[in-house]
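Residue-level structure breakdown
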Amino acid sequence: MTIHPILLCGGSGTRLWPLSRKSYPKQFARLMGDDSLFQASARRLSGDGFAAPMVLTGEPFRFIVTEQLAQIEQAAAGIVIEPEGRNTAPAILAAALWMIRKDPAALMLVAPSDHVIPDEAGFRATVQAAVPRALAGDLVTFGIAPNRPETGYGYLELAAGADPKASEPQSLARFVEKPDAGRAAEMLAAGNFLWNAGIFLFTAEAAVAAYRDHSPALVAAVEKALDEASEDLGFTRLAPGPWAEAEDISIDYAIMEKSTNLAVMPYSGDWSDLGGWDAVWMESGPDAAGNVCSEHATAIDCNDTLLRSESSAVELVGIGLEDIVAIAMPDAVLVAHKSQAQKVKEAVSALKAKGAPQAVQLPRDYRPWGWYESLVIGRRFQVKRIHVTPGAALSLQSHHHRSEHWIVVEGTAKVTVDDEVKLISENQSVYIPLGAVHRMENPGKVPMVLIEVQTGSYLGEDDIIRYEDIYARS
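Report follows, based on the coordinates.

Thresholds applied
Residues numbered from 1 in each chain as written. Predicted model: local features only at pLDDT ≥ 70, side-chain atom pairs only at ≥ 80, totals over all residues. Heavy atoms only, no water. Salt bridge = Lys/Arg side-chain N within 4 Å of Asp/Glu carboxyl O. Buried < 20%, exposed > 50% of the residue type's maximum accessible area, 1.4 Å probe, protein only. Pairing = 2+ DSSP bridges. Helix = DSSP H or I, 4+ residues; strand = E, 2+ residues; numbered from the N terminus. Axes fitted to C-alpha atoms, helices over the stretch in contact; angles between N-to-C directions. Expected span 1.5 Å × (residues − 1).

1. With respect to the pattern of salt bridges
- One pass over the structure, following the stated rule, counts 25 salt bridges.
- The partner of Asp-138 in a salt bridge is Arg-133, with the nearest N and O atoms 2.6 Å apart.
- Among the residues examined, Asp-138 registers a relative accessible area of 15% and is labelled buried.
- A salt bridge links Glu-420 to Lys-422; its shortest N-O distance comes to 3.9 Å.
- Glu-420 sits in the partly exposed class, given a relative accessible area of 45%.
- Beyond isolated ion pairs, a larger network of salt bridges with shared partners links Glu-59, Arg-62, Asp-232 and Arg-237.

This is the structure in structure tokens:
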């Protein structure tokens, strides 16, 4: 039986600020090795018995999804764009309705795209063991064997007589909210509780039936959003009006806690949702002194500390630290006690309240054609580095308030300025007068990098009039 992976890819990942931000959340970051968490998830749910993944994500990330899948030589069976985040229940329902129209008996494996599961083969074997119950019409959730009294996860209480170490699905008594430390210790000692991984296996038919039974209003809104969806460039855009009427609710509250045809599949291997920097420290394999350091970080007389610099231009040094997390970015630095790692969300809220762009925006801004970053910003000028991937093109555009000067430093650019089209190679430049209709393209097979100098009375990104755009942006 073929399993259809459904990758949920819309979270903001604020607990791993400043590396993870709303503009580029943690699932796309390379936190654990060369692959992003999203790429690792796609690899894990691929191979024999698995179909190409279906991805649910937001508008800003649609081309990041396709690019990162292409980097690992995969392509999505479908990419559904959520107009806004409405939690897991509407997203999973949209996937189930999308799938049921193709095959009601389709077996769906729903998984967040930001989890770490090192033993890919072991996890796939666990999934296969749950298939018979899912094909029989049950809603199977996956439970992780706890190894500590964790307060950051919800729990699953097994029914009387169920085996938390079984190699087949077990009966589930109830879902348990995130506990305090005392209750978490009690549940760990009791031995009949598992962490709620937020991973599910069921047929499209069974899932939609559960939604119709327990959340009919949600079905009406999501079904309409899918019926009125539009297609462009291979993406399915859910209709924003009906989608906004869908309740913002998790799948646990919407159907799982109300259903009787439930089963839980225990998984005893390593697993983490990387829900905070303390989890990143733990999963990164601390050295003999308990330290984890990135390439551009150094620990001197430190213990149980995580030091990460995400820029080759910033060397981070810790001296005499204990139980500290220090994360350095080009535009922001986080220093926290490891026990306070869950309060990073509060820091993001505080930065938003003071209007700091670092709360949500990375210094590197990713676009469908590549990325750019601001190097210097003055009152009437800005200097950017722009990286354009092979074959990509910026929109045909003009500006009301600024002129631009482009200097190619790597590769070759095909440049349009009004009626003139020419190739610009390394160390060559071109001037774009204010109001000129212009475009840059990378016609080569290697990345093209240029330095852009903007001058004018207003330099905001909204000073763009687009005439043509291959990425269907307005």
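2. Observations regarding the sheet that holds strand E25 (residues 429-432)
- In space, the 6 strands of this open sheet follow the order E18-E19-E20-E27-E22-E25, with antiparallel pairing throughout. Edge strands, defined here as strands with exactly one partner in the open sheet, are strand E18 (364-367) and E25. Averaged over all pairs of adjacent strands, the angle between strand axes in this sheet comes to 20 degrees, irrespective of strand direction.
- Where strand E22 (residues 402-410) lies against E25, 4 bridges are found, and the strand directions are antiparallel. Directly across from Trp-406, in E25, lies its bridge partner Val-430.

3. As for helix H7 (residues 216-227)
- With 12 residues, H7 extends 16 Å between its outermost C-alpha atoms, agreeing within 8% with the 16 Å of an ideal straight helix rising 1.5 Å per residue.
- Buried within H7 we find Leu-218, Val-219, Ala-221, Val-222, Ala-225 and Leu-226.

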